[in-house]
Structure formats: structure tokens, C-alpha cells
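One letter stands for each residue in the lines below.
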Amino acid sequence: MTPQEKNIAWAEKVDELGNNLFAGRELTREEFLKLGNYYLSGKYLIRHLEIVRKEKQKASQELMELEAAEKMILQRIEKQNISLESNQ
């Protein structure tokens, strides 16, 4: 599907939904209050913070692995008496 076809499909969907751009199943009063409380209480911020921290930990682990690989390569270069300046 081309970008223009995607735009046309999106416009048609918006037109189909009419005034109800938040189309989906209707929420019960209890669900609505629970969802509202979730956002008003800031729990969504805590959830996003947890996600960011998890991604940060993952990136930190990947960095440690890259640094270990770099150290190993540098040790091999030194062991084989290879000059870094001549290869750059």
C-alpha cells in the first residue's frame, strides 16, 4: 500500500467513525472510573518509568558486553604488535 493509499484509507476510516474517533468497545462506568483513576493517580507515569528503567538496564548490559569485546580486541592487537595508527 502506497503512502497515498494509506492516507486515503485513514481518511475513509475517520469518516466512517464520524464523531466517535475513540471508537472501540464501550466502557462500563467501573472501567471508566478505573481508567481515569489510573491516569489521575500517576500510575501510568510509574509504569512508564519502569519501562524506561528496564530499557536502560538492557542498554547498560549491552554496553558492558561491547566494552568487554573491545577490551578483548585491543588485547589481541597488543599481543600481535599491531599499530592502531597505521590502520586508521
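Use the structure listed above.
Residues numbered from 1 in each chain as written. Predicted model: local features only at pLDDT ≥ 70, side-chain atom pairs only at ≥ 80, totals over all residues. Heavy atoms only, no water.

1. Looking at the overall build of the protein chain
How we decide: Think of it this way: any DSSP run of H or I at least four residues long counts as a helix, any run of E at least two long counts as a strand, and we number them from the N terminus. Only the protein chains shown count as covering a residue, and every accessible area follows the Shrake-Rupley method with a 1.4 Å probe.
On a plain count of helices and strands, the protein chain comes out with three helices and zero strands. Reading the secondary structure of the protein chain in the N-to-C direction produces α-α-α. In the form shown here, the protein chain has an accessible surface area of approximately 9,000 Å², with 56% of it arising from carbon and sulfur atoms.

2. A look at the pattern of salt bridges
Convention followed: Here, a salt bridge means any Lys or Arg side-chain nitrogen found within 4 Å of an Asp or Glu carboxyl oxygen. A simple rule labels every residue: compare its accessible area, found with a 1.4 Å probe on the protein chains alone, to the largest value its type can have, and call it buried under 20%, exposed over 50%, or partly exposed in between.
What the rule picks out here adds up to one salt bridge. Arg47 is the salt-bridge partner of Glu50, the closest N and O atoms lying 3.5 Å from each other. Linking Glu50 with Arg47, this pair stays in helix H3 (residues 43-79), spanning three residues, or about one helical turn. Look at Glu50 and you get partly exposed, because its relative accessible area is 44%. On the basis of relative accessibility, which here comes to 42%, the residue Arg47 falls in the partly exposed class.

3. With respect to a nonpolar patch on the surface
Defined as follows: Any residue with relative accessible area above 30% and no salt bridge may belong to a patch, with like charges joined within 9 Å and the nonpolar Val, Leu, Ile, Met, Phe, Trp and Tyr side chains within 5 Å.
A surface patch of nonpolar side chains, about 510 Å² in accessible area, is lined by Leu27, Phe32, Leu33, Leu35 and Tyr39. By secondary structure assignment, the location of Leu27 is in the loop between helix H1 (3-17) and helix H2 (29-40).

4. Quick look at the packing of aromatic side chains
Think of a pair of aromatic rings as described by two things: how far the centres are apart, and how the planes are tilted against each other in angle. What counts here: Only Phe, Tyr and Trp rings are paired, with Trp represented by its six-membered ring, and only when their centres lie within 6.5 Å; those with planes under 30 degrees apart are stacked, over 60 edge-to-face, the remainder tilted.
Overall, the coordinates contain two aromatic pairs when judged by the stated rule. Every member of this aromatic cluster is reached through a ring pair, and the members are Tyr38, Tyr39 and Tyr44.

5. Regarding H3
Put simply, the test is: Each helix should span, by expectation, one fewer than its residue count multiplied by 1.5 Å.
For H3, spanning 37 residues, the distance from its first C-alpha to its last is 54 Å, which sits close to the expected 54 Å at 1.5 Å a residue. Backbone geometry just downstream of H3 places Asn81 in the positive-phi region, at approximately 55°.

6. A short note on the environment of Glu85
Filter applied, for reference: Pairs of N or O atoms within 3.5 Å make up the polar contacts considered here, provided that, within protein, one atom can donate a hydrogen while the other can accept it, and that residues adjacent in sequence are counted only when both atoms are side-chain atoms.
Within the element layout of this structure, Glu85 appears in the segment after H3. What makes Glu85 exposed here is its relative accessible area of 65%. At 3.2 Å, the side chain of Glu85 and the side chain of Ser83 are in polar contact.

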